[in-house]
Structure formats: C-alpha cells, structure tokens
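Residue-level listing of the chains:
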Amino acid sequence: MDICREDERRTLLSSYDDTIGAGPSRSIFYDDATTKRDDQTRGAHHKPNLLELLRTIGLDNDYHRAQGDRIYYFDELGREIEVLDLVSGYGTLLFGHNHPDLTNEAIRFLASASCNHAQGSASSLADSLAAELSRRAEGDFCVTFGNSGAEAVEAAMKHALLETGGQTFMTLDGAFHGKTLGALQLTSSPIFRQPFGVRGVQVERVSVNNVRNLEAAFAHVHRPAGFFFEPIQGEGGIRQVRREFLRRIAELCAEHRIPLIADECQTGLGRTGTYLASHALGVRPDYIIVSKALGGGIAKISAVLIDRLRYRAEFDVLHSSTFANDGFSCAIGLKTLKMLDDETLESCREKGAWLKRRLQALKKKYPAAITNVRGMGLMLGVELRKSALPDSFVLRFLAARDLLGLFVAGYLLNVHQIRVAPTLSDSTTLRIQPSVLIQYESMHRIVAALEDLCVRLQRRDIVGLTAFLLQGDARPGRGAPIWPSRKRTVTFRPSRQPTAAAAFSLRRVAWLFHLNDADDLPSLEPSLQDLDQANRKRFLDSIAPFAMPVAMDRVEIRSGTGDRVQLQPLLLPVTSRWLKFHFERRRFRKLRTLVQQGIDVAFGLGCEFVSLGQFTSIVTRHGRNVSPQGMSITSGNSFSAALAVNAVQSVLAGHGLVSTDCTLAIVGATGDIGRVCAEILAPEFRKLILIGSGRQNSARRLKHIARRIGADWSCDLMAVRAANIVICATNAVDLPLTEVHLANAAIVCDVSMPATLDRSTIRQRSDLSVLRGSVVRLPFNEELGIPGLPLPPGYAYGCLAEGILLALEGFPDMSFVGRSSVCKVNRMESIARRHGFLPADRTTPLPVVRMMQDCNHVSSDLRRFA
Ligand code: F0G
C-alpha cells in the first residue's frame, strides 16, 4: 500500500478547505458556529461532573490542534499555547498526533471511494491485516477484530469460555482490562467494578509476582477458563510482571490446559521497545490482545489473536460487531504496522532507557518526593511519595482525596506546559508515555519540569505548587504568578496517634465545623499567609468541589468532675460564604451529603457523639436531616443560646443596668439561637425588638414569634438603634451591622459565626461594648489548637462545648437534635455548671474574632483578655 505524496495530500486537504472554508492550521472540521459553546452551556451534556473536576484542577483545556507530540489550546487572551503531550491518547499515539503518513493514508482511503463497510463478505484489507498481525506475533493465529480494547477482551473471554468450558477467569491484582461489563469483572479496582456488581463469570485474583499465591490459586480454582495478564500493568501503576512469575503462569496454564491471554492493548506494538512485551519477557501467549497504537491515533480498532490450534470454528459466527474489520480501520492498521519497523522499536527502547535513567537519578536526588520509577521503553511511571507531605494541609488533603496525581498533572500542565496523567487505579503514579517522535531536547524538558516539582514538594513550597489553582493567574500569558514566592516554614502538626488503649478508653465526641471565612486559610496552611483576601477566597473556592471532612488532631478534655472525653474535630474545608451560597440556591442535597460524610467519618473514627455547629447545623435542619449512624447528634445551639443569655445578664450586671429599664434587639431572631434567646429574655426587658433579614418567609415567621412572646419586630436594621442591648445571632456572611445601626453606648453580644459586627465599627466606636457571646472557658484550659479556630487556649465555642458536655454526661440523648427550646437551654446550662464549664469573662469586651488578619494576631489579642 503506497502512501500518497505530499502534493497529493495538499490537494486533497485544500479541496476540504474549499468546502468548509477554513484554514488547515486551525481545527478545520469543527471550528464552526454549531460546535462553539459559551461557558454557560460548556460541558452541560457530556460528563459535566468530570469537567467540573478538570476545570478546578486546571486540566480543562479544549485542545483544538495537534501535531506530533504537541497539542495546542487557546488561553483566555486568545493566544495559542503549545503543550508537550505525554499522555499520548492513553498510549494510542505511538507515532504522535496526526502523523502525515497516517493522515495521508486516511485521506487516500476516503478520497478513493473504497468500500468501507461490506459486512458478511470477503475483505482483503481485514484479511491482510489479520495475516500481518499473525506474522508479527510469530505464530499462526486466527484474528477477531473489535473497536476498542475492552471489546477485544470481551471476545477473548467469550472464546476462552467456549474453548475450555470453564467458568473462572484468573487475573492479577491491579489489573486493568477495560470497563465493559465482562472486561470489568477482570479489572481489579473495586471503584470501577463494585457499582455494577453483576454476577456472571467468576474471577480469581492473584498477587503479582507472588508464586506461592499463584500456585495456591491454581490448586483451588474451580473450572478455570483462562489467565489474563498485562506484561506491564498500565492503569495499575506501570508495574512490570516478573519474568519468572510469568513463566510459572505459562507453565500452570499449560498444565491446566487453559489459554494464557496477554492483554497487550497498551504494551504491545512497540511501546515497550519490542513488538510484544510478552515475548520480551519470555512467554508465548495463546491469545494476544492488541489495540490502541494499532489505529495510528486515527482509527478505533482492536484485535484478539487466537492460536489456530485452539480456535473454535463456530466463533466466526458466534461473535460479531458491526463496525469491526471496517476497511478504513484495517487500512490504517496496516499502515501502522508498516511504519512499526526495527528502527522505531529501537528508538522506543533507547529513548525510554535514557529517560528512565534520568528519572531514576531524580528519584535518587529527591527521595522525599519520588518513591519509584518503573516501566520499559516509552511506558514509564513515576510514583510520588504520599508520605512526603506531612507538613502541608493542602497536599495531605489532596492525597487523602486521591487527587495528588491529578493536582501534579495540573501543575505540570499549567506551569510547564507538559501534559501527564496519573494512572487510573494508582493515583500517585504519573504515566510518562511519549510518542516515539519525542526528541532528547523535550526529554530534558520533562526531567527539568519534574525536578522543579520535586524541589517544591521537598521544600513544601505550597505557594509555588498551588499558584496555578488561582484560575488563570499562573497560566501562560497571564504574567508572573501573583502569589508571593517568599519561602516560609510550614508548621502543620501531624496527627497525634493515641495508643489503641487510650483511644478507646475515653468516650469520643466529634465536632463538625467549617471555616468562618477565607481569612482562616493561613491557620490551616501558614505558608499561604501572604495571600490577600481575594486570593484566599479563590483558593478555597478552588478546593471546595473536593470538600470532604478532614480529621484534625484529637484533644482530651477534662471536666471539673474528673471525667474526661476525647474531642475529634472534623473540618469541612469550605467557608460559611460557600455554604450559604449553596443553601440559598436550595442545593440541600449537596450540603446534606457533605455533612453526612462528616458524620460517617465520625462514626468510622469511633465517635459516639457529634456536635454540629454554624452551617452544618443550619443545612441539616439542626441535625434532623442526617442519618446519625447510631451516634448522638446535637445542633450545638442550646448551649450557644445559654451562653448568650448568660452573657447578656452578666454584662448588664457589670454595667449596673437593670433589664426592665433596657431595650433589647435580637438580630437574626428567626434563627434557632436568636428565637430561643428571645423566648427566654422577652419577659425580662422593658422592650424587645426582633430583627429579621426580610428574605423569603422571614417577615411572616418574625411576626409570628413576636406576637407569641409580645415583642416588636422589624426587617429594617435601623430598628436596632432603638436598643441599648443587642444580640447578634445571624448566619449573614456580609457583616450587615455597622456603626449607623447602633445607639450610643450600646452593648453588643455577637453570637454569630462569622461575626455580624464589623471590626472597623468596633474600632471607631469606643462607646460600644462588644463581646463574644458564645465562648466558654474550659475547666482545665486545654488548648484545642484546631486550625481555623482562632481562640486562645482554654476557650471553646458553645456549639463545640455542647457535644463535649453531652459526651461527659455519658448517655446518648437524641432530644438535642432539632430546634432548641427554653427547656434544652436550661438543661445545658445546668450540665455545664456541673462540669465546671464557665462562660468566658465578659466584663472585658473580646474583639470580634473573624476580623483578625491572621491567627497569631487573634491568639495574642485574645490572650490579653483571657
Ligand atoms: N486493556 C488494557 C491493558 C488497557 O490499558 C485498556 C485501556 C483496556 C484494556 C481497555 O481499552 O478503553 O479501549 O476499552 N486503558 C486505558 C488507559 C483506559 O488509560 O490506558 P478500551
């Protein structure tokens, strides 16, 4: 089959250009108005959730052009950015993107009006390709074609069942053979398999390179049908199967008269430096599956080669597939095999060996960042060390979410314009699978980029590593990263692991909390301290889609009675603003699921009690909408309200005021804490004004409460000016209360988290007395040291303390779920008294915590008052 000449190709291409009116340098076939999407609709119909993940991690480029080992996208400024592609179409592009010889072949086939589909007739192209595949596999094989790797695996499974009459397939741990239902049974990862738990064929999994385990499996397997293996496990993390082990598999297959089935979808056709990797490893499989590279990056084609002596005649008819063995794919397959000459194989071997040596040198130089380098030829894997990240909250968080590899892929793409991907079943291994066209200069570039990554990982340079997450800012064409490059020492305390005995001798209570706002970020990740507020917010927004509960260090808390409990803080790394945003858009399920995850984690960590707080209480209707898993859940509101009431009463006494002479305003009176405070305090004050947000049903509910307890009400914040005492119990995130709303010498008790009152108001108005209404003093002054909890040692929030108190009481008490009540508040107060939990000293006003620049400030400022 001749290739058409370059001038012929140009003529053919220009005739296409004429028809559709586009230049060949752009995406000529798809650059029309019908395929353009604005950002609103982009990704709405095709894998929308995956796209969101990719977008968050900066991997959602829409590549419009590809040539060789380079692919191109337009950045936000419309500039074309070139990327070195090491993913190579999941190993498909051995000859790179759009190799001219292969595209010429495709154009020639299409332009020559050849017969593409004539099912049920002779096909010289399919026949030639099958003969060539058989010859190159050095045997006498009958070939069945398919359209994808998984389809060829399915065909091999079907044939093996037919041939052997067996029912159990044997395969290796870590295997990947595809995601269609049959192939999925062989695939190792339960992530892909379990959601489709279909019982069909049986599968016996054997540990890789473990001969004893292999022999034991053969000894007990019931009616085996065949043994599937990948010579180098691709998706399992680029792990090579050892020669001796493979030989033993082959011997046992022969003894049991079952076929040895090599899945060479990825390893085959030159990628590992030889035509077939199994041959290089010294075995001659009975069935061989090839795909990926066979299509030259253009056609979708796969094939299973079955030893003629085993081939069952009826399989010709029993198995078929409409698009398999089409003329086009076979023509491309033939062309690919022709191009796959000794020189190509040698090039794969040499370049691969060079790159592997360099990567191994990196591993030696940066042992804290790289744990292993594996693979053969141009199928290499670099395994990152998960345990290299003990000091960084962000990196540990990503690793715990199995996102470290993807994050690193985002870094390499956005900072170095190199595209890699983690392997599917081993998310910390990066696959390095360039095309054979890769130049040494590009390989130097890969090594330099990985070295930069290692240096940053080893130095814990979180600022440098995560700058690209601030969408766009670190990307090409956007100028220098705006994040400061100053290095700081990150001090994240690793989890204290109590001894098993200590861990379970104490009752354990979880506190499910979230960040007040973006200012709390540096208390989690001190190296991000120099980010300005907008960038802190952008950073937190960028990790919010992955939010899941993070277990913080446990702290032992002692009661005045001598009893002790263990506090297990569980952080949801999202802000009040984020939660409120989704809450107001009625995305209740999303929020509930997040809180439920926290409850499930608490259960898994052996907690018996869970205290909610802030929005985790609001979005679950104070714990009613989540499944408690047999634990006792409390909203945290009753003790918060008890503290607020107590604060108001003692501040009045401190100021020598009598409540019956005073007017009290409660801002956020339709909320659970505000309402119950109103119910308790209404009879004591001369006048009570309930203030609502004015949103949705707020006015109606406000009116109802006011009528019931004999109070005034208003949805206008200016009504607060009439009060000399104000309780703020809102879930607002935008600091609604300012100096214009407050009467002269007003006393403000701010229970809200984040605070309702602006720090500049507090600074400007020296006549005001502002106190934190929901802070409690622990009897033994334990330091909670929870990142994102800016309180000095010995202090805790009411919502958190409520769970501790209930745990100290020691019996599960579900009555604290749901709305608070006067009775619950009184009960919490007496429980707290019994255990010596005192309201914080309120004669001295505490500053509003959320307005502090960083946690060190907060701690030292508060310490002065403590
Ligand atoms: N077998 C192996 C060894 C594979 O690596 C793959 C796919 C398949 C079978 C299934 O092929 O997707 O065409 O049905 N590997 C892809 C990868 C997913 O990421 O390398 P398919």
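Rules used throughout
Residues numbered from 1 in each chain as written. Predicted model: local features only at pLDDT ≥ 70, side-chain atom pairs only at ≥ 80, totals over all residues. Heavy atoms only, no water. Helix = DSSP H or I, 4+ residues; strand = E, 2+ residues; numbered from the N terminus. Expected span 1.5 Å × (residues − 1). Buried < 20%, exposed > 50% of the residue type's maximum accessible area, 1.4 Å probe, protein only. Arc of directions from axis to C-beta. Contact = heavy atoms within 4.5 Å. Salt bridge = Lys/Arg side-chain N within 4 Å of Asp/Glu carboxyl O. Core = buried A, V, L, I, M, F, W, Y, C linked by side-chain atoms within 4.5 Å. Pairing = 2+ DSSP bridges. Right-handed = clockwise from strand over helix to strand, strands pointing away. Disulfide = S-S within 2.5 Å. Axes fitted to C-alpha atoms, helices over the stretch in contact; angles between N-to-C directions. Phe/Tyr/Trp six-rings, centres within 6.5 Å; stacked < 30°, edge-to-face > 60°. Lys NZ or Arg CZ within 6 Å of the ring centre and 35° of its normal. Near = heavy atom within 4 Å. Polar contact = N/O pair within 3.5 Å; in protein donor to acceptor, adjacent residues only side chain to side chain. Areas by Shrake-Rupley, 256 points an atom, 1.4 Å probe, with all protein chains shown as cover. Nonpolar A, V, L, I, M, F, W, Y, C, P; charged D, E, K, R; others polar. Patch = residues over 30% accessible without salt bridge, like charges linked within 9 Å, V, L, I, M, F, W, Y side chains within 5 Å. Lys, Arg positive; Asp, Glu negative; His and termini not counted. Charge placed at Lys NZ, Arg CZ, Asp CG, Glu CD. Parallel < 35°, antiparallel > 145°, perpendicular 65-115°, else oblique. Left-handed = near helix turned anticlockwise from the far one by under 90°.

Things to note about helix α30 (residues 822-835)
If you check α30, its first and last C-alpha atoms are 20 Å apart, about what 14 residues at 1.5 Å a residue would give, namely 20 Å. Residues of α30 that are buried: K824, V825, M828, I831, A832 and H835. Seen from one end, α30 has its buried residues packed into an arc of 125 degrees, which puts them on one side. Exposed residues pointing more than 90 degrees away from the buried face of α30 are listed as C823 and R833. Along its buried surface, α30 packs onto α25 (637-654), α26 (672-681) and α29 (798-809).

As for unusual backbone geometry
One non-glycine residue, S88, lies in positive phi territory at about 50 degrees. Its identity as a non-glycine residue notwithstanding, N781 has a phi of 50 degrees, on the positive side. Looking at the secondary structure, you find N781 in the loop between β30 (775-777) and β31 (795-797).

What about the pattern of salt bridges?
By the definition in use, this model includes 32 salt bridges. Ionic pairing is found between D672 and R675, a salt bridge with its closest N-O pair at 2.7 Å. Of the two residues, D672 and R675 both sit in helix α26, three residues apart, roughly one turn of that helix. Each member of the pair D672 and R675 is classed as buried.

A closer look at the nonpolar core
Counting 138 residues, the largest nonpolar core has F407, L690, L784 and F837 as its most contacted members. Here the element with the most residues in this core is α25; it accounts for ten residues. Counting residues in each nonpolar core, the second largest holds 38 residues, with L102, A126, F141 and V143 among its members.

Section: the pairing of strand β24 (residues 663-667)
Of all five residues making up β24, five are buried, and the element is well covered by its neighbours. As paired elements, β24 and strand β25 (residues 687-691) share five bridges and run parallel to each other. Within β25, the residue paired with T663 across the bridge is K687. A crossover links β24 with its parallel partner β25, the connecting element being α26, and its sense is right-handed. Pairing of β24 with strand β27 (residues 725-728), which is carried by four bridges, proceeds in the parallel orientation. Within the sheet, the bridge partner assigned to V667 lies in β27 and is C728.

Digging into the state of the cysteines
Summed over the entire model, instances satisfying the criterion amount to zero disulfides. Unpaired in this structure, C677 has its nearest cysteine sulfur neighbour in C749, at a distance of 7.6 Å.

Focus on the sheet that holds strand β11 (residues 287-290)
Here seven strands make up an open sheet; going across it, the order is β4-β12-β11-β10-β7-β5-β6 and the pairing mixed. Strands with a single pairing partner mark the edges of an open sheet, and in this sheet they are β4 (141-146) and β6 (202-206). The average angle at which neighbouring strand axes cross in this sheet is 20 degrees, direction not considered. For β4 and strand β12 (residues 302-307), the ladder comprises six bridges, and the chain directions are antiparallel. Across the sheet, residue V143 finds its bridge partner in β12, namely L305. Together, β4, β11 and β12 form the strand contacts of helix α5 (residues 124-136), whose direction differs from that of β4 by roughly 125 degrees.

What to know about the packing of aromatic side chains
Using the criterion set out here, one finds ten aromatic pairs in the structure. Judged by centre distance (6.2 Å) and plane angle (90 degrees), the ring pair of Y311 and F315 falls under edge-to-face. Ring centres 4.5 Å apart and planes at 5 degrees place the aromatic pair W511 and F513 in the stacked group. Using a relative accessible area of 1% as the deciding quantity, one classes W511 as buried. The aromatic ring of Y72 is capped on one face by R65, whose charged end is 4.0 Å from the ring centroid. Note that R585 overlies the ring of F581, its terminal NZ or CZ placed 3.7 Å from the centroid.

Some details on the environment of G165
When you line up the elements, G165 lands in the loop between α6 (149-164) and β5 (168-172). A residue is classified by how much of its surface remains accessible, and G165, at 38% relative accessible area, is partly exposed. Along the sequence, G165 and P224 sit 59 residues apart, while their C-alpha atoms lie 8.6 Å from each other. Aside from chain neighbours lying at most four places away, what touches G165 is A160 and R223.

Topic: the site of the ligand
Within the structure, the ligand sits among 14 residues, and G149, A150, E235, D263 and K292 are positioned closest to it. At 2.9 Å, a backbone N or O of G149 approaches an oxygen atom of the ligand. Separating an oxygen atom of the ligand from a backbone N or O atom of A150 is a distance of 2.8 Å. For the ligand, whose unbound accessible area comes to 480 Å², protein coverage reaches 85%. Its residues assigned to classes, the shell around the ligand shows four nonpolar, five polar and five charged.

A word on helix α4 (residues 100-111)
With twelve residues, α4 should reach 16 Å at 1.5 Å per residue; the first-to-last C-alpha distance of 16 Å fits that figure. Those residues of α4 lying buried are L102, T103, N104, E105, A106, I107 and F109. Where α4 ends, the next residue or the one after it, A113, has phi of about 55 degrees, a positive value.

Side note on a negative patch on the surface
Taken together, the side chains of D341, D342, E343, E346 and E350 present a region of like negative charge at the surface. Counting through the fold element by element, D342 comes out in helix α14 (residues 342-365).

Comments concerning the packing of α14 against helix α17 (residues 440-459)
As a packed pair, α14 and α17 sit with axes 10 Å apart at the nearest point and diverge in direction by 20 degrees. Considering their axes alone, α14 and α17 lie roughly parallel with respect to each other. The two elements α14 and α17 meet at a crossing, and its hand is right-handed. On the side of α14, the interface is formed by E350, K351, W354, L355, R358, L359, L362 and K365, while α17 contributes Y440, M443, H444, I446, V447, L450, E451 and Q458. Across the contact of α14 with α17, the residue classes tally to nine nonpolar, two polar and five charged.

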